[in-house]
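Reading the structure
Listed here are the chains, written in short residue letters.
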Amino acid sequence: MSIILGIESSCDECSASVVHYSADAVEVLSCETFSQIAIHRPYGGVVPEIASRNHLETVNPMIEAALKSSGVNARNLDAIAVTNRPGLVGALLVGVSAAKSMAYALDKPLVPVHHLEGHATSIFLNTQGKPSVPRNELPYPMLLAIVSGGHTNLHLVPAAPELWPLDFLKRSLVGRSRDDAAGEAFDKTAKLLGFPYPGGKWIDETAALGGNPKAFDFPRALPQKATLDFSFSGLKTAVALKAEALRKKGELQASLPDLCASVQEAIVDALFLKISLAVREYGCRSLAIVGGVAANSRLRGRLENEWKSIGLTRPPILPEMRYCTDNAAMIAGAGAFRFRQGQFLQGTDYLTLNAFASPEF
Ligand code: KG4
Ligand code: ZN
């Protein structure tokens, strides 16, 4: 049994979490997140310098709050896990420096975690009221789709994973976006339609106001069977042209629910098509979808209704909504798996630990 503190500051969420790891379950004891969304909204996207400065102000309060609500004394932690790549380097450095100082002051091991490894681990988080899926009971091979603001990756997972290290994530990659990530496609098209950052949630909510997903026929790129890759840049251009035409006619506002539903359908269709192809091609028996876009209601709805038709033997695994978008519980969980395997830095080894912007993919 071990108790791990996780810290996440790779982009615009400053989060700290305490998890308890025993046998095969990672129980989330607390997860406190400060979202900077409102701070970046006037700029239409995340401003890196503002993000780092804000993380500086919120990282200690988040750690204190997470410890307090978990009822765990910092002295009783077994290790401290922190995201050290990929992300905004200044933002990452704040979390990494906080984690290093805390580990040094308390003489605790430090576990660096790749952000995508964190997202992958979110399917194994056990939260009050919702037990996670036991790793060893899942049917494999599994297809793991990581769909976030920065990535749209399909990974083939042949057997119960002990860890999700970077070399595994690299080796198992069978499909990815050639340009924008799915989350980026949501955010950029939402911006073209006049919604604030980040637009995914706005598109989802506006589409739900009775929008017709067939009202506009937006392109589905790379539909051919030969590739499991995605491309979303053509969609952006098509939406820009359509929005401009409707604006000129004074019809943009009234068309927003239909536009949002149609944009959402184009992105969800592309995801659904490639996920189905990959499941069939590799004979996958289970499917997990993680990352911010896994919070999309249309994607969740389609997966829940149509999973049997693509050959899966059980319903797809979708993390709880609050563990789809960035959070420290997934980082603490990934840290717990690593700690179990003896993969941590100790003593003064971690004083040279750095943050990296690149995913190394
Ligand atoms: O995983 P995440 O929090 O951050 C990254 O690691 O990138 O994902 C953020 C992305 C954003 O692009 C956001 O618009 C998208 O997830 N997102 C959604 C929804 N909620 C968040 N996209 C579609 N529908 C949603 N409900
Ligand atoms: Zn993320």
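All of these numbers come straight from a predicted model, not from anything done at the bench.

Re the coordination of the zinc ion (ligand 2)
- Distances from the zinc ion (ligand 2) to its protein donors, His 115 (NE2), His 119 (NE2) and Asp 326 (OD), fall within 2.0 to 2.1 Å.
- Every donor residue of the zinc ion (ligand 2) comes from the same chain, spaced as H-x3-H-x206-D. Residue His 115 and its partner His 119 are both found in helix H4 (residues 115–121); the two are separated by four residues, about one turn of the helix.
- The buried category is assigned to His 115, whose relative accessible area is 9%.

So, the environment of Phe 168
- By the element assignment, Phe 168 lies in helix H5 (residues 166–171).
- Ignoring any residue separated from it by four or fewer positions in sequence, one finds Phe 168 in contact with Leu 156, Val 157 and Pro 158.

Let's talk about the environment of Ser 69
- Here Ser 69 shows up in helix H2 (residues 48–70).
- Along the chain, Ser 69 and Leu 29 lie 40 residues apart, while their C-alpha atoms are 7.7 Å from each other.
- Discounting residues that sit within four places of it in the chain, Ser 69 has contacts with Leu 29, Ser 30 and Glu 32.

Concerning the state of the cysteines
- Taken as a whole and assessed by the stated rule, the structure comprises zero disulfides.
- A disulfide-free cysteine, Cys 284 has its sulfur positioned 20 Å from the sulfur of Cys 324, the nearest such atom.

Observations regarding the side chain of Lys 100
- Inspection of the secondary structure assignment puts Lys 100 in helix H3 (residues 89–106).
- When near neighbours in sequence (up to four residues on either side) are disregarded, Lys 100 contacts Leu 110, Tyr 350, Leu 351, Thr 352 and Leu 353.

Remarks on the site of ligand 1
- Residues in contact with ligand 1 amount to 20 residues; listed here are only the nearest, Gly 149, Asp 187, Asp 204, Gly 292 and Asp 326.
- The contact in question runs from an oxygen atom of ligand 1 to an N or O atom on the backbone of Gly 149, over 2.8 Å.
- Gly 183 has a polar backbone atom sitting 3.1 Å from an oxygen atom of ligand 1.
- Out of a free accessible area of 550 Å², ligand 1 has 87% covered by protein chains.
- Put simply, the parts of the chain that give the shell around ligand 1 at least two residues each are H4, helix H6 (182–192) and helix H7 (200–207).
- In terms of residue class, the shell around ligand 1 is made up of five nonpolar, eleven polar and four charged.
- Counting the residues that make up the shell around ligand 1, at least three belong to each of domain 1 (2–133 + 322–352) and domain 2 (174–310).

Definitions and cut-offs
- Residues numbered from 1 in each chain as written.
- Chains lettered and ligands numbered in written order.
- Predicted model: local features only at pLDDT ≥ 70, side-chain atom pairs only at ≥ 80, totals over all residues.
- Heavy atoms only, no water.
- Donors = N, O, S within 2.8 Å, 3.2 Å for Na, K, Ca; no water.
- Helix = DSSP H or I, 4+ residues; strand = E, 2+ residues; numbered from the N terminus.
- Buried < 20%, exposed > 50% of the residue type's maximum accessible area, 1.4 Å probe, protein only.
- Contact = heavy atoms within 4.5 Å.
- Disulfide = S-S within 2.5 Å.
- Near = heavy atom within 4 Å.
- Polar contact = N/O pair within 3.5 Å; in protein donor to acceptor, adjacent residues only side chain to side chain.
- Areas by Shrake-Rupley, 256 points an atom, 1.4 Å probe, with all protein chains shown as cover.
- Nonpolar A, V, L, I, M, F, W, Y, C, P; charged D, E, K, R; others polar.
- Domains from an automatic or database assignment.

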